[in-house]
Amino acid sequence: MIALFDSGIGGLTVLKPLLKELPEYDYLYLGDSARSPYGGRSEESIKKFSEEAVEFLFDRGVKVILFACNTASSVALRHVQQKYLKGADEKDRKILGVLIPVAEEAAEKSKKGRVGVVGTKATIASNSYETEIQKINPEISTYGQACPLLVPFIEEGWHTKPEAASILKKYLRPLKTCNIDSLILGCTHYPMMQKQFERYMGKQVKVLDPGSTVAKKLKTYLERHPEIESLISKSAKPKRQFLTTDDPATFKRFAESYLSMKISKVEKVTL
Ligand code: DGL
């Protein structure tokens, strides 16, 4: 089983391409919607919430966790890897994130070496994308922009409203002057507004969606690492489990519509 963890519904933008690219595996999705958004919270809180999610998932017997959340990947991934994967546990369990695959993709695809990054306050303040991209290619300049109001709009299902578009325009205005060739959607909620991002940035800017990148890279990663592949269960009728810390009916409605699939049950859990 592969467990995806996000602060809320954003990680569904990673689950959707994974279900297409790697449908044979069992998946468990955990959204901490009761405490979403994470992006404006302190490093301490993001680390604490991430620890609670990891402990919860390991207690359920999950062996491979993917942080389908840029905020948790940027602020807490290294911390939880160090805390929970020490010594003997290391080869039996894995905690992966979305940050490195997306940074690699951006560095590989950038034509002019000017990359924009949009994300939550915590992700942008961490400079995580800049750091990872610099490791791959120090010639690339990155330009970050926090867009803190977008996640609450998306969680409320308000992201297609004109109010969301006008806030988005305001956020993107400074990036329009930076002559970027690509824009990383550095928050897994944002692909739900991909069209609006593309419309406002124009044809000359490639808007990079983290979900499809992560799905493609995870596929090749598992091919290269059969020892991890063996930690993930497959079955003739693969399981899809959905867990939320908030109202299951609200989560179910959104997830069924976004993933275009019937979900028999959404379990309410406490972390
Ligand atoms: N979807 C998340 C991310 O990728 C978290 C957003 C939030 O909770 O603020 O950053």
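This text follows the structure it describes.
Residues numbered from 1 in each chain as written. Predicted model: local features only at pLDDT ≥ 70, side-chain atom pairs only at ≥ 80, totals over all residues. Heavy atoms only, no water.

(A) Just the packing of aromatic side chains, in detail. Counted under the stated rule, the structure contains eight aromatic pairs. With centroids separated by 6.2 Å and ring planes inclined at 55°, the aromatic side chains of F5 and Y38 adopt a geometry described as tilted. Residue F5 is located in strand β1 (residues 2-6), and its partner Y38 is located in the loop between β2 (27-31) and α2 (43-59); the two are separated by 33 residues in the primary sequence. Residues F5 and Y38 agree in their burial class; the two are buried. Ring centres of F5 and F67 lie 5.2 Å apart, and the angle between their planes is 70°; on these two criteria the pair is classed as edge-to-face. Residue F5 is located in strand β1, and its partner F67 is located in strand β3 (residues 64-67); the two are separated by 62 residues in the primary sequence. Classification of F5 as buried rests on a relative accessible area of 0%. (Phe/Tyr/Trp six-rings, centres within 6.5 Å; stacked < 30°, edge-to-face > 60°. Helix = DSSP H or I, 4+ residues; strand = E, 2+ residues; numbered from the N terminus. Buried < 20%, exposed > 50% of the residue type's maximum accessible area, 1.4 Å probe, protein only.)

(B) Inspection of helix α10 (residues 194-201) at higher detail. Of the positions making up α10, those classed as buried are Q194, Q196, F197, Y200 and M201. Taken down its axis, α10 places every buried residue within 165° of arc, on the same side. For α10, the exposed residues set more than 90 degrees away from the buried face come down to K195 and R199. G202 sits one or two residues past α10 and shows a positive phi near 85°. (Arc of directions from axis to C-beta.)

(C) Fine view of the environment of G119. Mapped onto the secondary structure, G119 falls in strand β5 (residues 114-119). Taking the relative accessible area as the measure of exposure, G119 reaches 0% and is therefore buried. As a C-alpha pair, G119 and L208 span 89 residues in sequence and 13 Å in three-dimensional space. Here G119 is in contact with I124, Q145, A146, C147, G186, C187 and Y190, once residues within four sequence places are set aside. (Contact = heavy atoms within 4.5 Å.)

(D) Molecular detail of the environment of G186. Of note, G186 is situated in the loop between β7 (182-185) and α10. The spacing of G186 and L208 is 22 residues in sequence and 8.8 Å in space, taken between C-alpha atoms. For G186, the contacting residues outside a window of four places in its chain are N70, V118, G119, T123 and Y129.

(E) Summary view of empty space enclosed by the protein. Inspection of the entire model under this criterion finds one cavity of 30 Å³ or more. In this structure, the largest cavity spans a volume of roughly 70 Å³. Lining the largest cavity are 13 residues, and of these S7, T71, T120, C187 and H189 sit closest to its centre. Here the lining of the largest cavity is built from residues that sort into five nonpolar, seven polar and one charged. (1 Å grid on protein atoms, 1.4 Å probe; cavity = no way out; pocket = protein on both sides within 12 Å on 5 of 7 lines; lining within 4 Å. Points joined across faces, edges and corners; volume = space filled by probe spheres on them. Nonpolar A, V, L, I, M, F, W, Y, C, P; charged D, E, K, R; others polar.)

(F) How the structure looks around the site of the ligand. Close to the ligand lie 13 residues; S7, Y38, N70, T71 and H189 are nearest. Interatomic distance of 2.6 Å between a side-chain N/O atom of S7 and an oxygen atom of the ligand. For the ligand, an oxygen atom lies 2.6 Å from a polar atom in the side chain of T71. Protein chains bury 99% of the 300 Å² of accessible surface belonging to the ligand in isolation. The pocket occupied by the ligand, as judged from atoms lying within 2 Å of grid points, is the largest cavity. (Near = heavy atom within 4 Å. Polar contact = N/O pair within 3.5 Å; in protein donor to acceptor, adjacent residues only side chain to side chain. Areas by Shrake-Rupley, 256 points an atom, 1.4 Å probe, with all protein chains shown as cover. Sits in = over half its atoms within 2 Å of the grid points.)

(G) The layout of surface pockets, seen in detail. Put simply, the largest pocket is a space of about 750 Å³. The wall of the largest pocket is formed by 30 residues, among which L77, Q81, G97, I100 and P101 lie closest to the centre. Among the secondary structure elements, those contributing two or more residues to the lining of the largest pocket are α3 (70-75), α4 (77-84), β4 (94-97), α5 (99-109), α7 (128-136) and α11 (210-224). Of the residues in the lining of the largest pocket, the class split is 14 nonpolar, nine polar and seven charged.

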